[in-house]
Amino acid sequence: MEATVTRPLQLFVRGGSLHLSDGRMVEVGPDPVIVGRDAACQVVIDDREVSAMHAELCATPQGVRIRDLESTNGTFVGPARIQEAWLVGAATVTVGSTKMEFRPTPKTRVEVGYTSAFGALVGGSPRMRRIFQVLERVASTDLSVLVTGETGTGKELVARAIHDASPRRNKPFVVVDCGSIPASLAEGILFGHEKGAFTGAIGRRDGSLIEAHGGTLFLDELGELPVDLQPKLLRALSERQVQRVGSTVVQPLDVRVVAATRRDLGREMNRGNFRSDLFFRIAQVRVELPPLRERLADIPMLVEAMCKRLGKEDATGRVQTWIGEHRARYDWPGNVRELMNVVSVAAALADDTDAIDDVLSVERASLTEMPAQASTSTTSYGQARQAALRAFEHAYFAELSDACGGNISEMARRAGMERHHVRAFLKKLGLRG
């Protein structure tokens, strides 16, 4: 019998190198390289005209992408000031008063593995396979991970998958949504507080850091964390100890941090909204999730996984066909979360394609996380379509709430939505006050 050998897929990446005026050479590969004055940058330039985080370079199959991080004095390729550009040939890059020569190298092969899934994440495209390869390697470590990407690309799924594949899998996985906590309460929520530490502190409370002790702390929307709280968080993570607000007792801390943001933290650092030292402490490993429009070939595989998750495996073929016929040229602004919403409707109504057409054409905005708008039609048909959508939403979220015991985080995970969108639907449908 002949052995079957499965070879990893290989992604061709056009890379290059930066030659600095002091003679140094910096290789540019698939992992981002930040150029700036800050000592934590991968390329540190001692030039007063260079911003702390000035520009970022990253090799892609299309060439080396260079992005200006809203620097004070701009980034230039040749004589042109750029916000974002792709370098495919030799060029002079100027930051501040420093010139760097970019020299392309032949396309090189980057092994991206052959795994098409990691936890709840699926995808057969080269970019996703490379991400899965990186995640598999770092999951068993204690390295902090920063996940970036547009809304709906699956950042929380990455965090959960890392935790589940790590030695901490049997310990707590604690979620802190930095974008939804009031600034005045953020410190107490993160660090905990003693009774009477501030107005409203009616009892002693462990903060999220202590709750995650031994496990993983997921900081969602990290870019929204109040600036005055950032040095306190950095100190706790660096010193591996935490102190409740109003307490003199210091507790040991053992947490692995995974964070996510849709903001460009490089630009936020230049604006003074985010600390560079906290960024580099948390972004020991960076994973950028591509938008769905850049991996459309993954849609059939995603639909199959979603139908299985919904218990509608027999509807997979019909849902795939409907999406192929009706969304072939769609760019999915809501990304995988929007696809999940569409699949949920199409799978529930898979026996009646006309009904799928009707419900999904009533208000696409309501299926892409925008507030539902009242139908302008005054005909009974228009009213019926609106009623059908509302009935579906009510049934879906009522059943989801029952299945999850009203747990918002679990509902959001199963629905592929953000928690505040789940809350909005529950409130709109009268399922929660």
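What counts and what doesn't
Residues numbered from 1 in each chain as written. Predicted model: local features only at pLDDT ≥ 70, side-chain atom pairs only at ≥ 80, totals over all residues. Heavy atoms only, no water. Helix = DSSP H or I, 4+ residues; strand = E, 2+ residues; numbered from the N terminus. Buried < 20%, exposed > 50% of the residue type's maximum accessible area, 1.4 Å probe, protein only. Contact = heavy atoms within 4.5 Å. Areas by Shrake-Rupley, 256 points an atom, 1.4 Å probe, with all protein chains shown as cover. Salt bridge = Lys/Arg side-chain N within 4 Å of Asp/Glu carboxyl O. Pairing = 2+ DSSP bridges. Core = buried A, V, L, I, M, F, W, Y, C linked by side-chain atoms within 4.5 Å.

1. Some words on the overall build of the chain
Each helix and strand counted, the chain has 14 helices and 24 strands in total. Out of the 433 residues in the chain, the part that is buried amounts to 50%. Across the chain, contacts joining residues at least 24 apart in sequence account for 62% of those joining residues at least 6 apart. Element-wise, carbon and sulfur atoms account for 49% of the exposed surface of the chain, whose accessible area totals about 20800 Å².

2. Some remarks on the pattern of salt bridges
Enumeration according to the criterion identifies 22 salt bridges in this entry. Residues Arg65 and Glu288 are paired through a salt bridge, measuring 3.5 Å at the closest nitrogen-oxygen approach. Within this pair, whereas Arg65 is found in strand 7 (residues 63-68), its partner Glu288 is found in strand 24 (residues 285-288), the two being separated by 223 residues in sequence. Of the residues examined, Glu288 reaches a relative accessible area of 38% and is grouped as partly exposed. Three or more residues joined by partner-sharing salt bridges are found here, namely Glu56, Arg65, Arg67, Asp264, Arg267, Arg286 and Glu288.

3. Here we look at the sheet that holds strand 6 (residues 55-60)
An order of 5-4-6-7-10 is seen for the five strands of this open sheet, with the pairing classed as mixed. The open sheet has two edge strands with one neighbour each: strand 5 (43-44) and strand 10 (84-87). Pairing between strand 6 and strand 7: six bridges, direction antiparallel. Counted as the bridge partner of Thr60 is Gly63 from strand 7.

4. Remarks on the nonpolar core
Grouped together as the largest cluster of nonpolar side chains are 40 residues, with contacts concentrated most on Val303, Val319, Ile323, Trp332, Leu339, Val343 and Phe397. Of all the secondary structure elements, the ones that give two or more residues to this core are helix 8 (299-309), helix 9 (316-326), helix 10 (335-348), helix 11 (353-362), helix 12 (380-403), helix 13 (408-415) and helix 14 (419-428). Leave out the neighbours within four places in its chain, and Val303 touches Thr316, Val319, Gln320, Ile323, Leu339 and Val343. One finds Cys178, Leu234, Met269 and Phe279 within the second-largest nonpolar core, a separate group that totals 37 residues.

By themselves, these observations are geometric and do not establish any function.
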